[in-house]
Amino acid sequence: MYRILLLLFAFTVLYSCKKESQLNNHVAPKRGLITKNAMVVSARAEASQIGSDILKKGGNAFDAMAATQLALAVAYPYAGNIGGGGFMVYRKANGEIGALDFREKAPLAATKDMYLDENGDVIPGKSTLGAMSVGVPGSVAGVFAVHEKMGSLPIEDILQPAIELAKKGVIVTKKQEDKIKKYMPGFLKANRDSTLFHKFWKEKDTIKYVALAETLSRIMLNGKDEFYKGQTAKTLASFIQNNGGILTEEDLNKYAVKWRKPTTFKYDDLNIISMPPPSSGGICLAQIMKMIEPYDLKKYGHNSLKAIQLITEAERRAYADRSFYLGDPDFVDVFENTLINETYLKERMASFSFEKATKSDDVTHGNVHVVESDETTHYSIIDTFGNTVSVTTTINGAYGSKLYCQELGFFLNNEMDDFSSKPGIPNMFGVTGGEANSILPEKRMLSSMTPTIVEKNGELFMSVGTPGGSTIITSVLQTILNVHEYSMSMQEAVNAPRFHHQWLPDEIRMEPNSFDKSLIEKLELLGYPINESRSPVIGKIDGILVLDDKRLEGGADRRGDDTAVGF
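Residues numbered from 1 in each chain as written. Predicted model: local features only at pLDDT ≥ 70, side-chain atom pairs only at ≥ 80, totals over all residues. Heavy atoms only, no water.

As annotated in an unreviewed UniProt entry, the protein chain carries the name Glutathione hydrolase proenzyme and is attributed to Hyunsoonleella aestuarii. We quote the UniProt Sequence similarities (unreviewed entry) comment for the protein chain here in full: "Belongs to the gamma-glutamyltransferase family." What the UniProt record of the protein chain gives under Subunit (unreviewed entry) is the line "This enzyme consists of two polypeptide chains, which are synthesized in precursor form from a single polypeptide." (UniProt positions renumbered as here; feature names shortened; annotations may be inferred.)

Structural data, given as structure tokens:
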């Protein structure tokens with residue numbers, strides 16, 4: 001009898017535990033890495049680890065920004081760089097905010113028609129492959145500007161980990177193997193001589209970046225001037241000119257970063273802090289969020305028919321404004337206050353109806369077709385002191401111009417293609433630009449990069465951003481909404497299927513095999529063309545969420561090798 005009672009008791013306990021486990025599995029949100037003190041989320045584990053180690057050493061978010069940027073230049077040459085540029089948005093623990101523009105610039109010898117032939121037609125490949133596509137790099141200047149203004153550790157502590165990583169080497173992942181194989185024809189075409197990337201590297205191989213280690217060592221010894229005025233500058237300018245480019249030592253000597261005032265706006269009880277022009281990200285994000293704010297997204301449901309309709313129509317109208325009005329504010333007037341004014345945006349949505357799609361042909365402004373490079377990278381950092389940075393950096397296309405300086409050990413950007421080579425004619429990514437983004441010497445090219453920080457009730461809430469070209473803005477948008485409107489964890493918000501509309505082409509891009517077929521059919525019946533083939537990946541979000549108990553949750557995108565590291 002005792003044995004029977006014992007068995008019954010054991011069965012009851014096991015059954016209860018199983019039911020409780022099932023219940024918990026059902027209701028418990030999927031979480032990313034959770035830490036108590038600090039965190040770095042980036043495209044590679046090696047870079048996240050280096051950034052986290054800087055924080056553990058007592059450095060702040062700005063020290064970690066500099067170290068992570070340089071580590072990505074070693075570990076993730078696909079988009080991490082010292083041969084490109086980027087944007088940073090920051091928020092200090094005391095609530096002070098700011099933005100750094102270390103975007104590339106057009107060389108002094110650049111001209112509006114430099115990519116056109118004698119008939120005024122765009123010369124294929126001239127703005128995308130090789131030395132003529134290279135803009136003046138800003139990443140090294142960005143690292144030093146951040147460190148000089150807000151860093152706390154010696155610069156040697158910042159650079160040494162990246163130097164050691166370059167010497168030790170980086171293990172090739174399967175995704176990296178596939179990328180090198182895919183872009184090998186470009187490497188062969190852009191480079192006259194054999195380079196480190198003329199070999200078909202395989203998964204689990206180790207690539208040692210000896211030349212890059214030497215370049216970084218000289219920069220550590222001589223500071224920023226090494227890259228812009230020293231031996232490295234001379235070698236770089238000579239290399240680009242010998243390969244047919246126009247960038248000179250004077251271009252490097254004259255380069256300077258710009259500290260800018262972030263674009264800020266309210267959405268419910270959130271305060272959004274994002275990147276101003278020459279990024280279109282902050283203004284576009286503000287337009288979309290303000291256009292959808294009057295509607296009850298929570299009631300509609302995540303990725304529901306009504307939610308997708310509403311967000312699509314707001315995106316359509318914001319992207320129609322984007323390239324017509326936006327460019328480098330040092331060269332063109334940007335009417336930010338007008339573009340994010342609630343009265344203006346209410347008028348923009350006046351033609352919206354849930355009954356049928358608006359046609360992009362019926363939405364102005366103006367003959368611009370927006371798509372750009374998907375091959376960017378983003379990292380988010382929160383330190384032990386409560387400072388946070390959100391940084392998006394790029395060399396534009398995958399491995400940039402494909403031009404690799406073997407002597408210095410890094411790829412050069414092809415950022416000149418982000419200008420309008422000829423207003424009305426698409427660039428390599430389909431972007432048909434306007435006059436506001438035409439080429440001028442020392443001008444910065446327009447971008448969609450949207451590094452963003454979110455406050456809730458006056459407190460730090462989220463640091464978020466992504467690569468993805470023109471899909472960056474909509475990916476950041478959906479991640480914020482996933483957390484705020486749909487109560488997702490950071491990792492759930494990052495994992496969730498994404499969609500995108502950008503005015504032209506007039507279609508909703510959707511991640512393939514991620515949306516219910518009946519939902520797609522309903523959208524098509526309402527007049528929304530669907531494209532699942534163009535967007536195998538819409539963004540690769542890296543974000544950090546501050547939880548109610550002040551712990552941190554990392555969201556590292558499953559679509560890449562992205563990794564959160566913290567303590």
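Draft legend 1. Up close: the packing of helix α3 (residues 61-75) against helix α4 (residues 139-150). The N-to-C vectors of α3 and α4 enclose an angle of 160°; their axes lie 8 Å apart at closest approach. Considering the angle they form, α3 stands roughly antiparallel to α4. Our pair here, α3 against α4, has a crossing hand that is left-handed. Of the residues in α4, those in contact with Phe62, Asp63, Met65, Ala66, Gln69 and Leu70 of α3 are Ser139, Val143, Val146, His147 and Met150. For the contact of α3 with α4, the per-class residue count stands at seven nonpolar, three polar and one charged. (Axes fitted to C-alpha atoms, helices over the stretch in contact; angles between N-to-C directions. Helix = DSSP H or I, 4+ residues; strand = E, 2+ residues; numbered from the N terminus. Parallel < 35°, antiparallel > 145°, perpendicular 65-115°, else oblique. Left-handed = near helix turned anticlockwise from the far one by under 90°. Contact = heavy atoms within 4.5 Å. Nonpolar A, V, L, I, M, F, W, Y, C, P; charged D, E, K, R; others polar.)

Draft legend 2. Fine view of the packing of helix α5 (residues 155-168) against helix α7 (residues 210-222). α7 packs onto α5 with a crossing angle of 165° between their chain directions and a minimal axis gap of 8 Å. Judged by the angle between their axes, α5 and α7 are roughly antiparallel. The two elements α5 and α7 cross, and the hand of that crossing is left-handed. Of the residues in α7, those in contact with Glu156, Leu159, Gln160, Ala162, Ile163, Ala166 and Lys167 of α5 are Val210, Ala213, Leu216, Ser217, Ile219 and Met220. Looking at the contact of α5 with α7 residue by residue, the classes come out as nine nonpolar, two polar and two charged.

Draft legend 3. Representation of the sheet that holds strand β19 (residues 542-546) within the structure. The seven strands lie next to each other as β1-β20-β19-β15-β14-β9-β8, forming an open sheet whose pairing is antiparallel. Each of the sheet's edge strands pairs with one partner strand only, and the pair in question is β1 (34-35) and β8 (263-267). The pairing of strand β9 (residues 270-274) with strand β14 (residues 452-456) spans four bridges and is classified as antiparallel. Considered in β14, the bridge of Leu270 is made with Lys456. Relative to β8, helix α11 (residues 281-292) is tilted by about 15°, and along the sheet it contacts β8, β9 and β14. Sitting on the sheet, helix α16 (residues 472-484) touches β8, β9, β14, β15 (459-465) and β19, and the angle it makes with β15 is about 140°. (Pairing = 2+ DSSP bridges.)

Draft legend 4. Layout of unusual backbone geometry. At the junction of Pro277 and Pro278, the peptide bond is cis and its omega measures out at 15° in the coordinates. Along the chain, Pro278 falls in the loop between β9 and α11. The omega torsion of the bond from Leu504 to Pro505 falls at -5°, within 30 degrees of zero and hence cis. The backbone phi angle of Asn303 is positive, close to 50°, even though this residue is not glycine. As for its position among the elements, Asn303 is in the loop between α12 (297-300) and α13 (305-325).

Draft legend 5. A look at the pairing of strand β3 (residues 85-91). Within β3, seven of the seven residues are buried, which leaves the element mostly enclosed by the surrounding structure. Where burial is concerned, the two faces of β3 agree: the one with Gly85, Phe87, Val89 and Arg91 and the one with Gly86, Met88 and Tyr90 are both buried. Strand direction decides the pairing type here: β3 and strand β11 (residues 388-394), joined by seven bridges, are antiparallel. Looking across to β11, one finds that Gly85 is bridged to Thr394. Bridge count between β3 and strand β4 (residues 97-101): five bridges; the pairing is antiparallel. Bridged to Tyr90 within β4 is Gly98. Where β3 folds back onto β4 in an antiparallel hairpin, the turn is made up of five residues, including Gly95, whose phi is positive at roughly 95°. (Buried < 20%, exposed > 50% of the residue type's maximum accessible area, 1.4 Å probe, protein only.)

Draft legend 6. Representation of the side chain of Thr377 in the model. Structurally, the position occupied by Thr377 is in strand β10 (residues 376-382). Residue class for Thr377 comes out buried when judged on its relative accessible area of 2%.

Draft legend 7. Geometry of the side chain of Ser48. Tracing the sequence through the fold places Ser48 in helix α2 (residues 45-56). With a relative accessible area of 0%, Ser48 lands in the buried category. A distance of 2.8 Å separates the side chain of Ser48 from the side chain of Ser42, its partner in a polar contact. (Polar contact = N/O pair within 3.5 Å; in protein donor to acceptor, adjacent residues only side chain to side chain.)

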